[in-house]
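This is what each chain is made of:
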Amino acid sequence: MTKLIIILSLLFAGSCLFARRRWYAPAVLQSGVWLLCVVTYAVLDHGMHPLRESVINAILVWVAGFTVTTWCVQSLYVKPLLKDVTPSLPVRDVYYFFTLLTLPIMLWAVISILQHSGGNPFSALRDANVRENDQGVRTTGFFVVFWMVSYIMELRVLSKSNLLRVIVLFLVNLFYVAISLGKMNLMILFLSTVIILTEKGIIKLKHLFVAVPLLIGLMLGLQYARGSLRNSDSSLERFTALYVCTGLGNFNKYVEPGSSQQPGENTFRLYYAVKSKLDGGRTPVVNPILKFKGVKIGRHGFGSNTYTALYPFYKDFGMAGIWIFTVFFGLLFGMLFKAAEDGSVCALVLYAIWAGCIPMQIIGDTFFTVLSQNIQYLVAALIPFVMSKYRLLEKHS
């Protein structure tokens with residue numbers, strides 16, 4: 001454990017130096033979050049098992065592989081395909097008014113859910129965000145992807161002329177966070193906002209000392225609203241142990257390498273879901289909501305279903321999966337960050353959206369698990385810039 005903390009500390013220090021005060025660089029986020037998680041696991045009295053040697057090695061490979069890969073990518077220069085291309089104004093207008101037109105659909109869904117919620121209304125809203133309720137209503141729709149992309153694009157070109165539009169879009173996305181009670185939705189909204197405003201010079205590094213505690217408080221508030229914390233008088237220490245350590249603790253205790261029933265069934269769940277649709281449900285599809293395990297912290301018992309982002313790759317492919325996918329993510333985030341630095345607004349928008357996957361790694365994988373939604377983000381983000389590059393929907397003299 002000591003060796004792990006020392007190496008993570010060196011990787012974090014090296015990432016900070018390499019990033020030159022750009023705290024939102026992928027290697028800084030990743031090494032910093034994992035260092036925090038491991039130190040917390042070592043220091044707090046959480047009652048979970050000490051980390052196995054195999055788990056320590058998996059974490060080392062995961063963090064070092066990602067960090068070194070991003071360093072290498074950011075040392076190169078390749079001209080971004082959409083360098084200096086701003087989003088098309090007609091498409092920006094379409095996205096904005098599409099957001100306003102689809103908002104009543106979400107409002108109707110929320111009212112319908114609340115009318116039929118027998119217990120905790122927040123819990124009912126949360127359930128309707130991940131599956132249809134008894135009335136066949138969900139609070140998830142493809143249009144919420146456009147809400148987020150529209151907001152980030154407008155924020156990137158923030159000026160007096162679109163300030164009202166930015167505020168409206170922020171409130172719409174905040175409303176979705178409130179009704180979905182999803183930590184990932186909150187992370188995307190929060191982190192993308194802070195990244196864009198930092199890139200524009202509006203937010204400084206010192207402001208993070210206020211922003212980060214605010215984010216943690218909001219996440220705890222979401223958990224409380226969902227009913228996860230209401231029956232507990234636990235201290236802040238136990239809260240921290242629950243939400244920072246249990247993913248690592250569950251991964252350490254319950255996940256065995258290469259133990260999947262089908263090849264890549266967790267990593268490539270989207271493939272199996274599509275195949276299941278085509279063959280009438282004969283292909284089994286793993287449930288993205290993992291099994292809850294009992295965790296006892298002090299005198300209090302909790303249920304936790306987080307297993308860190310290593311879960312699908314390690315369970316499907318063992319240590320080879322850790323090696324392959326840490327390099328994949330290092331290339332993806334490294335290239336997006338580098339392209340954004342070199343003038344690609346499109347790359348910055350995508351990086352701001354997907355960067356939330358990095359700090360959420362201590363809880364679980366939020367890239368491949370919801371790959372279909374991330375593909376939608378990719379398409380929705382590309383359209384305004386491709387339209388602008390080729391001057392589509394614009395009048396030609």
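Up top you'll find the structure we're talking about.
A brief report on the enclosed structure follows.

Calculation notes
- Within every chain, residues take consecutive numbers counted from 1 along the sequence as written.
- Where local features are concerned, this predicted model is filtered to residues with pLDDT of at least 70; where side-chain atom pairs are given and counted, the filter is 80 or more; whole-chain, interface and lining totals use all residues.
- Note that the side-chain values use all heavy atoms of the structure and ignore hydrogens as well as water.
- Counting from the N terminus, the helices are DSSP H or I runs at least four residues long and the strands are E runs at least two residues long.
- Partly exposed describes any residue whose relative accessible area lies between the buried limit of under 20% and the exposed limit of over 50%, with all areas from a 1.4 Å probe on protein chains only and scaled to the type maximum.
- In this analysis, two residues are considered to be in contact whenever any of their non-hydrogen atoms come within 4.5 Å of each other.
- Here the Shrake-Rupley method, with its probe set to 1.4 Å, supplies the accessible areas, and only the displayed protein chains count as covering residues.
- Stacked, tilted and edge-to-face are the three classes assigned to paired rings of Phe, Tyr and Trp, where Trp is represented by its six-membered ring and a pair needs centres within 6.5 Å; plane angles under 30 degrees give stacked, over 60 edge-to-face, the rest tilted.
- Should the NZ of a Lys or the CZ of an Arg lie within 6 Å of a ring centre and within 35 degrees of the ring normal, that charge is described as sitting over the ring.
- Every axis in this analysis is a line fitted to C-alpha atoms, fitted for helices over the stretch in contact. Angles between the N-to-C directions lie between 0 and 180 degrees.
- With respect to orientation, any angle under 35 degrees is reported as roughly parallel, any angle over 145 as roughly antiparallel, any angle of 65 to 115 as roughly perpendicular, and every other angle as oblique.
- What makes a crossing left-handed is the near helix being turned counterclockwise from the far one by less than a right angle; a clockwise turn instead makes it right-handed.
- Put simply, Ala, Val, Leu, Ile, Met, Phe, Trp, Tyr, Cys and Pro go in the nonpolar bin, Asp, Glu, Lys and Arg in the charged bin, and everything else, Gly too, in the polar bin.
- Here, the term nonpolar core denotes a set of buried Ala, Val, Leu, Ile, Met, Phe, Trp, Tyr and Cys residues that are joined through side-chain atoms within 4.5 Å.

## Observations concerning the overall build of the protein chain
When you go through the protein chain residue by residue, the secondary structure sums to 15 helices and two strands. By the burial criterion, 52% of the 397 residues in the protein chain qualify as buried. Of the contacts made within the protein chain by residues no fewer than 6 positions apart, 76% connect residues no fewer than 24 positions apart. Only carbon and sulfur atoms are counted for the fraction: they give 66% of the accessible area of the protein chain, which is about 18,900 Å².

## What about helix α14 (residues 345–354)?
For α14, the buried fraction is high: ten of the ten residues fall into the buried class. For α14, the complete set of buried residues consists of V345, C346, A347, L348, V349, L350, Y351, A352, I353 and W354. The inward-facing, buried residues of α14 abut α2 (26–43), α6 (143–156), α8 (183–199), α13 (319–341) and α15 (371–389).

## Some points on the environment of F325
As for its placement among the helices and strands, F325 is situated in helix α13. Taking C-alpha positions, F325 is 7.2 Å from F313, a pair spaced twelve residues apart along the chain. If we ignore the near neighbours within four places in the chain, the residues touching F325 are W62, T267, F268, F313, F317 and F368.

## Things to note about the side chain of Q74
Along the polypeptide, Q74 turns up in helix α3 (residues 53–74). Aside from chain neighbours lying at most four places away, what touches Q74 is F18, P26, G334, F337 and K338.

## Considerations on unusual backbone geometry
Its identity as a non-glycine residue notwithstanding, D84 has a phi of 60 degrees, on the positive side. For D84, the position within the fold is in the loop between α3 and α4 (89–115). Backbone geometry at T308 places phi at a positive 70 degrees, although glycine is not the residue there. Mapped onto the elements of the fold, T308 is located in the loop between β2 (300–304) and α12 (311–317). T308 sits in the buried class, given a relative accessible area of 1%.

## Some thoughts on the packing of aromatic side chains
Applying the stated criterion to the full structure yields 36 aromatic pairs. When the ring of F66 is compared with that of F333, the centres are 6.2 Å apart and the planes differ by 50 degrees; the resulting orientation is tilted. Here F66, found in helix α3, pairs with F333, found in helix α13; they are 267 residues apart in sequence, far enough to count as distant. A relative accessible area of 1% places F333 in the buried class. Between the aromatic rings of F328 and F368, the centroid separation amounts to 5.6 Å while the plane-to-plane angle is 45 degrees, which identifies the pairing as tilted. With F328 in helix α13 and F368 in the loop between α14 and α15, the pair connects residues that are 40 residues apart, well separated along the chain. Since its relative accessible area comes to 34%, F328 is described here as partly exposed. Take F368: its relative accessible area is 8%, and that puts it in the buried class. For the cation-ring pair, K293 lies above Y254, with the distance from its terminal atom to the ring centre recorded as 4.6 Å. The aromatic ring of Y390 is capped on one face by K389, whose charged end is 5.9 Å from the ring centroid.

## A short note on the packing of α3 against α13
Across the interface, α3 lies against α13 with an axial gap of 7 Å and an inter-helix angle of 30 degrees. As far as their axial angle goes, α13 and α3 are roughly parallel. By crossing handedness, the relation of α3 to α13 is classed as right-handed. Residue composition of the contact of α3 with α13, grouped by class: 15 nonpolar, nine polar and one charged.

## Some words on the nonpolar core
In terms of nonpolar packing, the biggest core is built from 102 residues, with W62 and Y351 touching the most fellow members. For this core, the leading source of residues is α8, giving eleven residues. Ignoring sequence-local partners within four residues, the contact set of Y351 consists of Y24, A25, P26, L29, I195, F333, L336, F337 and I358.

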